[in-house]
Number of protein chains: 2
Amino acid sequence: MECCLASLLRAPSLSIVLPGKSSRRSSSLHLRQLVGFHPSRCQKMFVPGFGEASPEAKAAANLHHFFTFVAIKIVLSQLQSYNREAYEELMEFVSRNSLNDGDQFCRRLMRESPRHKGTISWKISTIQVRSAYSKRDFEWDNLQMLAHKMVDESNTRLMRDYVKETSHIEDN
Amino acid sequence: MECCLASLLRAPSLSIVLPGKSSRRSSSLHLRQLVGFHPSRCQKMFVPGFGEASPEAKAAANLHHFFTFVAIKIVLSQLQSYNREAYEELMEFVSRNSLNDGDQFCRRLMRESPRHKGTISWKISTIQVRSAYSKRDFEWDNLQMLAHKMVDESNTRLMRDYVKETSHIEDN
């Protein structure tokens, strides 16, 4: 991943023209000024507000919850074909418990009727499917490509709409 | 990314023992049976419920909103040092508008007082920072590594707790 100072200096000039109190004092803030110093790697934009964690850790935690959601979808789909009783049990459990926090959901799922050993196997498999899906099936390269595409398309749309709207105001 | 049939066959056996109506009819569902056919790539686990989209597209959309959140953090941090007036204006805007939907937030931000051309430049820079951050600074490899680590640690913890709890019940 290219993130060195050399690449920053080659980056297109993204300027923020900051309005001062008078128009004469307006200052221009370039992308180079938006970077903060990251001693172990290279110069990067400083992202405040993540404490001791990082944006990557925050995003990974969200993906972790998402993988639990996907694992439940996979297991439900299979149980629906193979075991209606277990399918209905899991559906009923999902209706009572939020999937927003994947770990909390799994913890509750594992604790639900722990004496019934016959039904614990598909609960254990849910967390195994979560691991297998995230490591083998999930397309990480595709995720990156789609995210870049979304940012590009969204930014183009926003700029086009902005130009349209301001042109309309000027015409009036 | 390894995801071929050969790797599936080498995968450790993740079995779901499904309880039938009688204990004699209990069936065993292995990971190989959890895979669905994906014509263009290889055999993968079938994930229902995403319509025409994919889990990767859903995850990319969430990351897209997250990048807007990060871009706002970066711009706010810089404005706080360079331009208090613009910083307070953006803080006030953030307090009135949710960042859950990054595109909607940016659309509203761009439309806010479009006649004041002096202040639009840092609004445009917000979407440019979003693009620059996601393409250059965000550590995609680190995201993948952290997500795998989270799944492993969480699964180990869940299994350990389950074994502890069930052992306790048996002791009683």
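Located above this text is the structure these notes cover.
Just so it is clear, the structure is predicted and the values come from calculations on it, not from any experiment.

The rules behind each value
- Once a new chain begins, its residue numbering starts again from 1 and follows that chain's sequence as written.
- Each chain gets a letter, beginning with A, and each ligand a number, beginning with 1, in the order they are written.
- It should be noted that, the model being predicted, local features are given only for residues of pLDDT at least 70 and side-chain atom pairs only at 80 or more, the latter also being counted only at that level, while totals for whole chains, interfaces and linings use all residues.
- Only hydrogens and water are set aside; all other atoms, that is, all heavy atoms of the structure, feed into the side-chain values.
- Numbering of helices and strands runs from the N terminus; a helix is a DSSP stretch of H or I covering at least four residues, while a strand is a stretch of E covering at least two.
- Here, two residues are considered to be in contact whenever any of their heavy atoms come within 4.5 Å of each other.
- Each residue is assigned to one of three classes by its accessible area relative to the maximum for its type, calculated with a 1.4 Å probe on protein chains only: buried under 20%, partly exposed between the two thresholds, exposed over 50%.
- Counted as a polar contact is a pair of N or O atoms within 3.5 Å, where, for protein atoms, one must be capable of donating a hydrogen and the other of accepting one, and residues adjacent in sequence contribute only when both atoms are in side chains.
- Pairing of aromatic rings covers Phe, Tyr and Trp, the last through its six-membered ring, and needs centres within 6.5 Å; plane angles under 30 degrees mean stacked, over 60 mean edge-to-face, and all others mean tilted.
- A pairing counts as a salt bridge when a side-chain nitrogen of Lys or Arg comes within 4 Å of a carboxyl oxygen of Asp or Glu.
- Picture the helix axis, draw a direction to every C-beta atom, and the arc is the one those directions span.
- Note on terminology: a nonpolar core comprises buried Ala, Val, Leu, Ile, Met, Phe, Trp, Tyr and Cys residues joined through side-chain atoms within 4.5 Å.
- Orientation is described by lines fitted to C-alpha atoms, with helices fitted over the stretch in contact, and by angles between N-to-C directions that extend from 0 to 180 degrees.
- When the near helix sits turned anticlockwise from the far one by under a right angle, the crossing is termed left-handed; a clockwise turn instead gives a right-handed crossing.
- Each residue gets one label: Ala, Val, Leu, Ile, Met, Phe, Trp, Tyr, Cys and Pro are nonpolar, Asp, Glu, Lys and Arg are charged, and the others, such as Gly, are polar.

(A) Structural context of the environment of F69 of chain B. When you line up the elements, F69 of chain B lands in helix α3 (residues 55–82). Along the primary structure F69 of chain B and G102 of chain B are separated by 33 residues, whereas in three dimensions their C-alpha atoms are 7.1 Å apart. Discounting chain neighbours no more than four positions away, the residues touching F69 of chain B are F50 of chain A together with L99 of chain B.

(B) Region of the structure containing the side chain of K44 of chain A. Counting through the fold element by element, K44 of chain A comes out in strand β4 (residues 43–45). Overall, the relative accessible area of 9% leaves K44 of chain A in the buried class. A polar side-chain atom of K44 of chain A sits 3.0 Å from the main-chain carbonyl oxygen of D137 of chain B. At 2.7 Å, the side chain of K44 of chain A and the side chain of E139 of chain B are in polar contact.

(C) Up close: the packing of aromatic side chains. All told, the structure shown has 20 aromatic pairs over all chains when counted by the stated rule. Residues F50 of chain A and F69 of chain B carry aromatic rings whose centres are separated by 6.2 Å and whose planes lie at 85° to one another, so their mutual orientation is edge-to-face. Of the two residues, F50 of chain A is situated in the loop between β4 and α3 (55–82) and F69 of chain B in helix α3; the pairing between them involves two chains. For F50 of chain A, a relative accessible area of 13% translates into the label buried. When the ring of F66 of chain A is compared with that of F67 of chain A, the centres are 6.4 Å apart and the planes differ by 50°; the resulting orientation is tilted. The class of F66 of chain A is buried, set by a relative accessible area of 8%. The exposure class assigned to F67 of chain A is buried, which follows from its relative accessible area of 0%. Each residue in the set F50 of chain A together with F66, F67, F69, Y133, F138 and W140 of chain B is aromatic and connected to the rest through ring pairs, giving one cluster.

(D) Inspection of the environment of I72 of chain B at higher detail. Residues and elements named next belong to chain B. Here I72 is to be found in helix α3. It is 8.9 Å that separates the C-alpha atoms of I72 and I127, two residues lying 55 residues apart in sequence. Each residue touching I72, except ones within four places of it in the same chain, is listed here: L90, V94, L99, F105 and T126.

(E) Region of interest: the pattern of salt bridges. Residue and element names in this part refer to chain A. Inspection of every chain in the model, using the stated rule, returns 18 salt bridges over all chains. For the salt bridge of R96 with E92, the shortest nitrogen-to-oxygen distance reads 2.7 Å. With R96 and E92 both in helix α4 (residues 84–96), this residue pair falls 4 residues apart, about one helical turn. For R96, a relative accessible area of 45% puts it in the partly exposed group. Relative accessible area serves as the criterion here: at 39%, E92 is assigned to the partly exposed category. With a closest N to O distance of 3.2 Å, R130 and D103 form a salt bridge. With R130 in helix α6 (residues 117–137) and D103 in helix α5 (residues 102–111), this pair connects stretches of sequence that are 27 residues apart. Each member of the pair R130 and D103 is classed as buried. Bridged by salt links that share partners, the residues E92, R96 and E112 form one connected network.

(F) Here's a closer look at helix α5 (residues 102–111) of chain B. All names here are of chain B. Here α5 has its buried residues at G102, D103, F105, C106, L109 and M110. One face of α5 carries all of its buried residues, which in axial projection span an arc of 160°. The opening residue of α5 is D101, an N-cap whose side-chain oxygen sits 3.2 Å from the backbone nitrogen of D103.

(G) View of the nonpolar core. Counting 66 residues, the largest nonpolar core has L143 of chain A together with L143 of chain B as its most contacted members. The residues touching L143 of chain A, leaving out its near neighbours within four places in the chain, are L63 and F138 of chain A together with E56, A59, A60, L63, W140 and L143 of chain B. If you look at the next biggest cluster of nonpolar residues, it comprises 6 residues, including C106, I124 and I127 of chain A together with Y162 of chain B.

(H) Quick look at the packing of α3 of chain A against α4 of chain A. Residue and element names in this part refer to chain A. Packing of α3 against α4 brings their axes to within 7 Å, and their N-to-C directions diverge by 145°. Note that α3 runs across α4; the crossing there is left-handed. Note on element contacts: α4 touches α3 through R84, A86, Y87, L90, M91 and V94, opposite I72, V75, L76, L79, Q80 and Y82. Its residues assigned to classes, the contact of α3 with α4 shows 10 nonpolar, 1 polar and 1 charged.

(I) Examining the environment of K73 of chain A more closely. Note that K73 of chain A resides in helix α3. Given the relative accessible area of 25%, K73 of chain A is considered partly exposed. Dropping the residues within four chain positions of it, K73 of chain A is found in contact with P48 and G49 of chain B.

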